[in-house]
Amino acid sequence: MDCPRDWPEPIVRVQSLSESCHDAIPERYIKPPEARPLLAVDSTANNANIPLIDLGGLHDDSLRETTLGHVLEACREWGFFMVVNHGISDELLDRAREVWRQFFHQPMAVKQAYANSPKTYEGYGSRLGVEKGAVLDWSDYYYLHYLPCNLRDFNKWPALPNHLREVIGEYSAEIVRLGGVMLKILSINLGLSEDFLQNAFGGSDIGACLRVNFYPKCPQPDLTLGLSSHSDPGGMTFLLPDQNVPGLQVRRGDGWITVKPAPHALIVNIGDQIQVLSNAIYKSVEHRVIVNSAEERISLAYFYNPKSDLLIQPAKELVTPDRPALYPAMTFDEYRLYIRTKGPRGKSQLGESLKSPR
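Residues numbered from 1 in each chain as written. Predicted model: local features only at pLDDT ≥ 70, side-chain atom pairs only at ≥ 80, totals over all residues. Heavy atoms only, no water.

K.L.:
Give me the overall build of the protein: which residues, what numbers.
P.N.:
Within the protein one finds nine helices and 14 strands. Against the 2.2 N^0.38 benchmark of 21 Å for 358 residues, the protein shows a C-alpha radius of gyration of 20 Å, consistent with a compact globule. In terms of overall dimensions, the protein has a C-alpha envelope of 55 × 45 × 45 Å along the principal axes. Split into buried and exposed, the 358 residues of the protein put 55% on the buried side. Excluding contacts between residues fewer than 6 apart, the proportion of contacts in the protein whose partners are at least 24 apart in sequence is 80%. Summed over all atoms, the accessible surface of the protein reaches about 15200 Å², with 52% contributed by carbon and sulfur. (Helix = DSSP H or I, 4+ residues; strand = E, 2+ residues; numbered from the N terminus. Rg over C-alpha atoms; globule rule 2.2 N^0.38 Å. Buried < 20%, exposed > 50% of the residue type's maximum accessible area, 1.4 Å probe, protein only. Contact = heavy atoms within 4.5 Å. Areas by Shrake-Rupley, 256 points an atom, 1.4 Å probe, with all protein chains shown as cover.)

Set out below in structure tokens:
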């Protein structure tokens, strides 16, 4: 199965809809009642939040084991956590967020020059999945490759604002550094050598790509979602959230927790590939994004992924007679084709794509 080269219908920019639809959203964006955010059962208290972990403890002998334990618990029980003292400066985080906000407020002609296709998704987009007539999400995005180097094409990175390419190059290098640190922690916590997951990902030949999400104001936020429920198909995601406007919701039991970001924290979540490699010791958890009528929102999701043509399967050290391998071997390229074709579908891609014939 190959991904189509073009979208099944003309693309409509949600930002343009937001500026023209003052009272009601088009039917294409109205979710079925059971998927609407205000109708979902919320089993959590208003002050509930995902774990917050200070990575500074890794450098203190008296705190290291405790910090490793916090990460282990978060990966097993939540699939999501926030990190502070991650080594990326507050100033760079603010610049990265702001330069993309400036891009999305460029004239439409500037943005349209980077319009994407479903073949690679790289560029300026407004939908995921290629099923004709599908219910759409209330968001626009920009997707670009950083690693492997042969996919990095600066001509596909926006030229405006003038400093965007420089800022994102600097930010990307820092995220890749942090990704290596986190894979070591996750490997140690599985009782494996610290370089196990990095090697399983391809060593230095990994994939790293950025999706910048822009969620315009929405006149009927109770009827739609900025991003439908899904788990991330890749290895690990580093999200730089909007500091002022919450929107990310994480599945917890039968309800949803709205994440309240700590100042200059990054949100880390386990992707499907690490769930497979860990034989489901670590959990890749469903999440979605809500929108609101008063304010736009922006976030930067950086995906730290295995090399696309490597077979990913449960680590043999984690497979026992009592806990057999839960997943067959599959390359990341084969796996992510499901979500690129079908769009976000809750946790279904983890089961359905791994059951599909190769």
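K.L.:
A description of the pattern of salt bridges should follow, citing residues and the corresponding values.
P.N.:
In total, this model carries 15 salt bridges according to the counting rule given. Two residues, aspartate 137 and lysine 31, come together in a salt bridge whose shortest N-O distance is 2.6 Å. With aspartate 137 in the loop between strand S3 (123-125) and strand S4 (140-147) and lysine 31 in the loop between helix H1 (14-20) and strand S1 (52-54), the pair connects residues that are 106 residues apart, well separated along the chain. Like aspartate 137, the residue lysine 31 is buried in the burial classification. (Salt bridge = Lys/Arg side-chain N within 4 Å of Asp/Glu carboxyl O.)

K.L.:
Account for the environment of arginine 152, with residues named and values stated.
P.N.:
Relative to the assigned elements, arginine 152 resides in the loop between S4 and helix H5 (164-189). Linking arginine 152 and asparagine 162, residues 10 residues apart in sequence, is a C-alpha distance of 18 Å. Ignoring any residue separated from it by four or fewer positions in sequence, one finds arginine 152 in contact with His145, Tyr146, Leu147 and Trp157.

K.L.:
An account of the UniProt feature "domain: Fe2OG dioxygenase" (unreviewed entry) in the protein is requested, with residue identities and associated values reported.
P.N.:
In the numbering adopted here, UniProt assigns the feature "domain: Fe2OG dioxygenase" (unreviewed entry) to residues 205-306. With 6% helix and 43% strand, residues 205-306 has its two end C-alpha atoms placed 8 Å apart. (UniProt positions renumbered as here; feature names shortened; annotations may be inferred.)

K.L.:
Give me the lowdown on the nonpolar core, citing residues and values where you can.
P.N.:
By size, the foremost hydrophobic cluster in this structure holds 66 residues, and its most contacted members are Trp100, Tyr171, Met182 and Leu186. Among the elements that line this core, the one with the most residues is H5, at 11 residues. Ignoring sequence-local partners within four residues, the contact set of tryptophan 100 consists of Tyr142, Leu144, Pro158, Leu164, Ile168, Leu210, Val212, Ile298 and Leu300. (Core = buried A, V, L, I, M, F, W, Y, C linked by side-chain atoms within 4.5 Å.)

K.L.:
Give me the lowdown on empty space enclosed by the protein, citing residues and values where you can.
P.N.:
If you walk through the whole model with that rule in mind, you get three cavities of 30 Å³ or more. Of the voids in this model, the second largest cavity is the one considered here, and its volume is about 150 Å³. Lining the second largest cavity are 17 residues, and of these Asn213, Leu239, Leu248, His287 and Ala301 lie nearest its centre. Within the residue set of the lining of the second largest cavity, elements represented by two or more residues are strand S5 (207-215), strand S6 (227-230), strand S7 (236-240), strand S11 (287-289) and strand S12 (297-305). Of the residues forming the lining of the second largest cavity, the biggest block, four residues, is contributed by S12. Its residues assigned to classes, the lining of the second largest cavity comprises eight nonpolar, six polar and three charged. (1 Å grid on protein atoms, 1.4 Å probe; cavity = no way out; pocket = protein on both sides within 12 Å on 5 of 7 lines; lining within 4 Å. Points joined across faces, edges and corners; volume = space filled by probe spheres on them. Nonpolar A, V, L, I, M, F, W, Y, C, P; charged D, E, K, R; others polar.)

K.L.:
I'd love a proper account of the sheet that holds S6, names of residues and values included.
P.N.:
Ordered by their spatial adjacency, four strands build an open sheet running S6-S11-S8-S9, and the pairing between neighbours is antiparallel. The two strands at the open ends of the sheet, each matched to only one other strand, are S6 and strand S9 (255-258). The mean inter-strand angle of the sheet, taken between neighbouring strand axes irrespective of direction, is 25 degrees. Relative to S11, S6 is paired through two bridges, and the arrangement is antiparallel. Looking at the pairing, leucine 227 lines up with valine 289 of S11. (Pairing = 2+ DSSP bridges. Axes fitted to C-alpha atoms, helices over the stretch in contact; angles between N-to-C directions.)

K.L.:
Pulling in residues and values, what's your account of H5?
P.N.:
One turn of an α-helix holds 3.6 residues; hence residues three or four places apart share an orientation. Counted at 1.5 Å a residue, the expected span for H5 with its 26 residues is 38 Å, and the 37 Å between its end C-alpha atoms agrees. Phi turns positive one or two residues past the end of H5, at glycine 191, with a value near 80 degrees. (Expected span 1.5 Å × (residues − 1).)

K.L.:
Any details on the pairing of S5? Residues and values, ideally.
P.N.:
Judged by how many residues are buried, S5 sits mostly within the fold: nine of nine residues are covered. Here S5 shows two buried faces, one formed by Gly207, Cys209, Arg211, Asn213 and Tyr215 and the other by Ala208, Leu210, Val212 and Phe214. Pairing analysis gives seven bridges linking S4 to S5, with the strands arranged antiparallel. What sits directly across from leucine 147, in S5, is alanine 208.

K.L.:
Now, about the pairing of S7: what can you tell me, with residues and values included?
P.N.:
Extensive coverage of S7 is indicated by the burial of five of its five residues. Burial of S7 is two-sided: the residues Met236, Phe238 and Leu240 facing one way and the residues Thr237 and Leu239 facing the other way are all buried. One ladder, built from four bridges, connects S7 with strand S10 (residues 266-270); its direction is antiparallel. For phenylalanine 238, the partnering residue across the bridge sits in S10 and is valine 268. Judged from the five bridges that link them, S7 and S12 form a sheet pairing that is antiparallel. Within S12, the residue paired with phenylalanine 238 across the bridge is tyrosine 302.

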